[in-house]
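Take a look at the letters that make up each chain.
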Amino acid sequence: APVAVAATPVKVPTQLACPPTVVVEEGEREERMAHAKGLKMLPISDVDIQWLHVLSEGWAFPLMGFMNEDEYLMSQHFNVLRGKDGKLHNQSVPIVLHASDEEKEKLEACEEIALTEQTTGKILAILKNPHFYAHNKEERVSRTFGLADERHPYAEIVYASGDWLVGGDIEVLEPIRYDDGLDKYRLSPQQLYAKYEELGADCVFFFQLRNPIHNGHALLMTSCREQLIEMGFKNPVLVVHQIGGKVKGDDVPLQQRIEQNEAVLEEGILDPKSTILGIFPSPMLYAGPTEVQWHAKARMNAGCQYYIVGRDPAGMKHPDGSKDLYDAWHGKKVLQMAPGLEELEILPFRVAAYDKTKGAMAFFEPERADDFLFISGTKMRGYAKSGEQPPDGFMGKKAWNVLVEYYAGLK
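Residues numbered from 1 in each chain as written. Predicted model: local features only at pLDDT ≥ 70, side-chain atom pairs only at ≥ 80, totals over all residues. Heavy atoms only, no water.

Time to look at the sheet that holds strand β14 (residues 345-348). In spatial order, the strands read β12-β11-β10-β13-β14; together these 5 strands make up an open sheet with parallel pairing. Each having just a single partner strand, β12 (275-280) and β14 make up the two edges of the open sheet. Averaged over neighbouring strand pairs, the angle between their axes works out to 30° when direction is ignored. Two strands pair when backbone bridges link them, and strand β11 (residues 236-243) and β12 are joined in this way by 6 bridges, in the parallel orientation. Bridged to Val239 within β12 is Ile276. The sheet strands contacting helix α7 (residues 189-199) are β10 (203-209), β11 and β12, and the helix crosses β12 at an angle near 175°. Relative to the sheet, helix α8 (residues 215-230) contacts β10, β11, β13 (306-309) and β14, its axis offset from that of β10 by approximately 165°. (Pairing = 2+ DSSP bridges. Helix = DSSP H or I, 4+ residues; strand = E, 2+ residues; numbered from the N terminus. Axes fitted to C-alpha atoms, helices over the stretch in contact; angles between N-to-C directions. Contact = heavy atoms within 4.5 Å.)

Helices that pack against each other are described as a pair by the angle of their axes relative to one another and the distance between those axes. Their axes nearest at 7 Å, the elements helix α12 (residues 377-386) and helix α13 (residues 397-410) cross at an angle of 65°. Considering the angle they form, α12 stands roughly perpendicular to α13. Both α12 and α13 take part in a crossing whose hand is right-handed. Of the residues in α13, those touching α12 at Met380, Arg381, Tyr383, Ala384 and Lys385 are Trp400, Leu403, Val404 and Tyr407. Looking at the contact of α12 with α13 residue by residue, the class counts come to 7 nonpolar, no polar and 2 charged. (Parallel < 35°, antiparallel > 145°, perpendicular 65-115°, else oblique. Left-handed = near helix turned anticlockwise from the far one by under 90°. Nonpolar A, V, L, I, M, F, W, Y, C, P; charged D, E, K, R; others polar.)

If you walk across this open sheet you meet the 3 strands as β16-β15-β17, and the pairing is antiparallel. One side of each edge strand has no neighbouring strand; the edge strands of this open sheet are β16 (360-363) and β17 (372-373). Sheet topology places strand β15 (residues 352-355) next to β16; 4 bridges connect them, and they run antiparallel. The residue of β16 that forms the bridge with Ala352 is Phe363. Together, β15 and β16 form the strand contacts of α8, whose direction differs from that of β16 by roughly 45°.

As far as function goes, none of this settles anything; it's purely spatial.
Quick look at the structure:
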């Protein structure tokens, strides 16, 4: 049966609703860069730069910089921030910048600090009115991930970071670029709003993933678009949004995911006329239902009105390998009641599997369970690593070859 979705009246996305950025205007960049060169400097890591990117484009609005202590406490204890107008905005994960004892001692009396790329020394931003406060790493990890285990991939990053956090509004001196051939996919909320207008969208829905797209994913996305048309929309536009920041070592790298997604569009498995392929700059935290709120809230700042949520979003195995770390369906339930997300409609996930009677991916029917084959991500990667072909109809041929070539290259 089709998923029931409330036909709530929705405003067409327009540039007027777009969040503000903190990137310095082009005509002022030379002067602000000259000013930044005279400031004391704080080197920041690649993951910090990914968060700087997130903040610079308004994905975390109303947050205009790295969290001060009050914002951090609101996020950690209540999963929200309060805007200047008193409105509560969901912010389920902390966006913070760390510093060592030595860095705090050097910088805490400064009115402004220049943030620099750790490896090259390039000045990226100015942090204004810095506020230092203690970094209780174990509490942060426990509240964010539901465990304190150092083997969790993002907990490992937290435990290795400085003993202080430093907050303050930021000025980013120029748009963040990676020069990896993928910057054209890193569409800011502002660029996405322009794209909706160009495509004549009257509704926008998002599907976030950190994996290649198989035909089950495509079936779900296509089905959701059909539902939206049945609700009266004329031109729903889908944004396929790949996580662009740091991921676990066993996840398929971004370059290959984008190449594979492009093949899916070229093969017509998804309609290129009503689909935008984009990259979301956030790192992956693997924080389950806590993180899925962040994923949804950020997309709201990019005009998302309907959000597809799947099984075990932002999940992973427990570090000891014994079980899934989070309940597979709590992400969906949490999104339907999270504070600050009331204006977002959730499109629940319908489970797709390989239907052996049709030779294609189809929605699972429990009454004929024996007709279906479930191909997990682990099993899919196993096929690709060995060069074994999955069943016909599981994934487009060109899209599949991208994965086979990637794993062959690793050998």
